[in-house]
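Given next are the chains, with one letter for each unit.
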Amino acid sequence: MSLLQISTFANTAMTTWNKSSWKSKTALQQPEWPAAELHEANKLLSHLPPLVAAGEIRDLKAHLAKAAKGQAFLLQGGDCSEEFARCSAPNIKSTLKVLLQMAAILTYGGGRPVIKVGRMAGQYAKPRSSPTEMVNGVELPSYRGDMCNSVEGTPEARKADPQRMLKGYYLSAATLNLLRAFAQGGFSSLHNVHKWNQEFVKNSPVGGSYEQSVARQIERTLTFMENIGIHTDMPQIKEVEFFTSHEALFLDYEESLAREDSEDEVPGRWYDCSGHMLWIGDRTRQLEGAHVEFLRGVRNPLGMKVGPGHNPEEIVKVIQRLNPDNEEGRMTLITRFGAGKVEQYLPPLIRAVKGEGLNVLWCCDPMHGNIRKSLSGCKTRSFEDILAELQQFFAVCQIEGAVPGGVHFELTGKDEQTGDVTECTGGASGLSDEGLRRNYCTACDPRLNAEQSLEMAFRIAEMIKGS
Ligand code: PEP
Ligand code: CO
């Protein structure tokens, strides 16, 4: 074969996407699934109904296009890793409450509509820095999220089990079902802004500020509207649009949920119906990798995590591969450099992206670049580092002429059994390293608790106003 033929062949291979074409590429971070069981699970999943509808996915993309222009703001958040055992009504409800409260603070204080996207209903697969880990002196396969294996420290529990993908599907469906009920059934109505103020936050200074400066003001506004004859029982007040997202990591699962949409104005378009928005992790965003190959063929809005190991020229090529038509709302760049590193890593990225005229939404994940070991050995993050990275992100965007359009958090509401978690230090209650052990229960990365999340939202609202 001549060189020209080889390159023509490579181009053809690049342009013919199908839902399995990722299999011809290197797929990092995949579990070692047993083949026969994997085949069986994929067959079952492929026949099950999609979890979300293509029309909803298109709506979210249109909203994100607005956020990229500064006409809306993206709030994305939830667990680092959802757990099967925590899939219960109280847990789902309390995380939703925190997100709704944060959204109310951001909308009211920041003066822009807020797009609410949970890291929920499918965030069950985790990339790991090493394929094995030491547990009580024994080397075991790493825990890769509940959709692969169990966090329990035995060789049996750590085997990759494809049945877990089916369980992940069913629990995602159960979670979504409740989220949809809460979104439309009155719970999320702005008339309930007081009710979202959770008991344990109510008594804190942050809960007080929420009551005073947001909940009461919204209530007054609604009363005023009623008094002048505007009915406030319209869907915009009584309902909320809530979307789901997760890292598209296990490609067998994502492929099984890919569906061709019969309603799309253009036939032959595919959507990954496992969630509304999917993101590609910092460890799996290689231009010629399997994740980019799979995601380039589905029309969901895509996030891409970008950490300090980035090469801006390569990121530009990945964006062009994922979004060849430069469609607005398709790409969200979720930067996660770490406090103190934003000034170094963000400007070259913004310049490279702007230089090519690419449409992206700039979003900051102030969590993943700020992990540290506490004195007692827990993996933690400090409120101050998280806040500092956000401030640096807003400042650099301003200097470079980019719109700071969203934030991405690992957070949780009250745990059903144990109450407020203590996984990140700092914030209004001044949680110290020593306090972390009190209720440290994440299966993966440390999350902001409800009080820390609300406090963060107040600070971000100021940043939005200032930008
Ligand atoms: C995550 O969001 O949980 C994650 C692993 O992020 P990143 O790919 O940025 O490390
Ligand atoms: Co994480």
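Structural data are supplied above this passage.
Residues numbered from 1 in each chain as written. Chains lettered and ligands numbered in written order. Predicted model: local features only at pLDDT ≥ 70, side-chain atom pairs only at ≥ 80, totals over all residues. Heavy atoms only, no water.

(A) Inspection of a nonpolar patch on the surface at higher detail. Taken together, Phe 224, Ile 228 and Ile 230 make up a surface patch of nonpolar side chains, about 300 Å² in accessible area. Looking at the secondary structure, you find Phe 224 in helix 7 (residues 205-227). Classification of Phe 224 as exposed rests on a relative accessible area of 53%. (Patch = residues over 30% accessible without salt bridge, like charges linked within 9 Å, V, L, I, M, F, W, Y side chains within 5 Å. Areas by Shrake-Rupley, 256 points an atom, 1.4 Å probe, with all protein chains shown as cover. Salt bridge = Lys/Arg side-chain N within 4 Å of Asp/Glu carboxyl O. Helix = DSSP H or I, 4+ residues; strand = E, 2+ residues; numbered from the N terminus. Buried < 20%, exposed > 50% of the residue type's maximum accessible area, 1.4 Å probe, protein only.)

(B) Summary view of the side chain of Gln 29. Along the chain, Gln 29 falls in the loop between helix 1 (3-15) and helix 2 (35-47). There is a polar contact of 3.1 Å between the side chain of Gln 29 and the side chain of Arg 144. In contact with Gln 29, other than residues within four places in its own chain, are Lys 126, Pro 127, Arg 128, Arg 144, Leu 249, Phe 250, Arg 283 and Thr 284. (Polar contact = N/O pair within 3.5 Å; in protein donor to acceptor, adjacent residues only side chain to side chain. Contact = heavy atoms within 4.5 Å.)

(C) Broad picture of helix 4 (residues 89-110). Taking 1.5 Å of rise per residue, 22 residues should cover 32 Å, and helix 4 covers 30 Å from first to last C-alpha, within 8% of that figure. Burial runs high along helix 4: 17 of the 22 residues are buried. Where helix 4 terminates, the next one or two residues include Gly 111, which has phi positive at roughly 75°. (Expected span 1.5 Å × (residues − 1).)

(D) Main features of the nonpolar core. Within the largest apolar cluster, 90 residues are counted, with the highest numbers of intra-cluster contacts made by Leu 333, Leu 346, Trp 362, Phe 409 and Ile 460. Considering every element that reaches this core, the biggest residue donor is helix 4, with ten residues. Every residue in contact with Trp 362, bar those within four places of it in the chain, is listed here: Leu 333, Thr 335, Leu 346, Leu 349, Ile 350, Val 353, Phe 393, Ala 402, Val 403, Pro 404, Gly 405 and Gly 406. Formed by 27 residues, the second largest nonpolar core is a distinct cluster that contains Ile 57, Tyr 124, Tyr 253 and Cys 273. (Core = buried A, V, L, I, M, F, W, Y, C linked by side-chain atoms within 4.5 Å.)

(E) Quick look at helix 11 (residues 312-322). Looking only at helix 11, the buried set comprises Pro 312, Ile 315, Val 316, Val 318, Ile 319, Arg 321 and Leu 322. Its side-chain oxygen 3.0 Å from the backbone nitrogen of Glu 313, Asn 311 forms the N-cap of helix 11.

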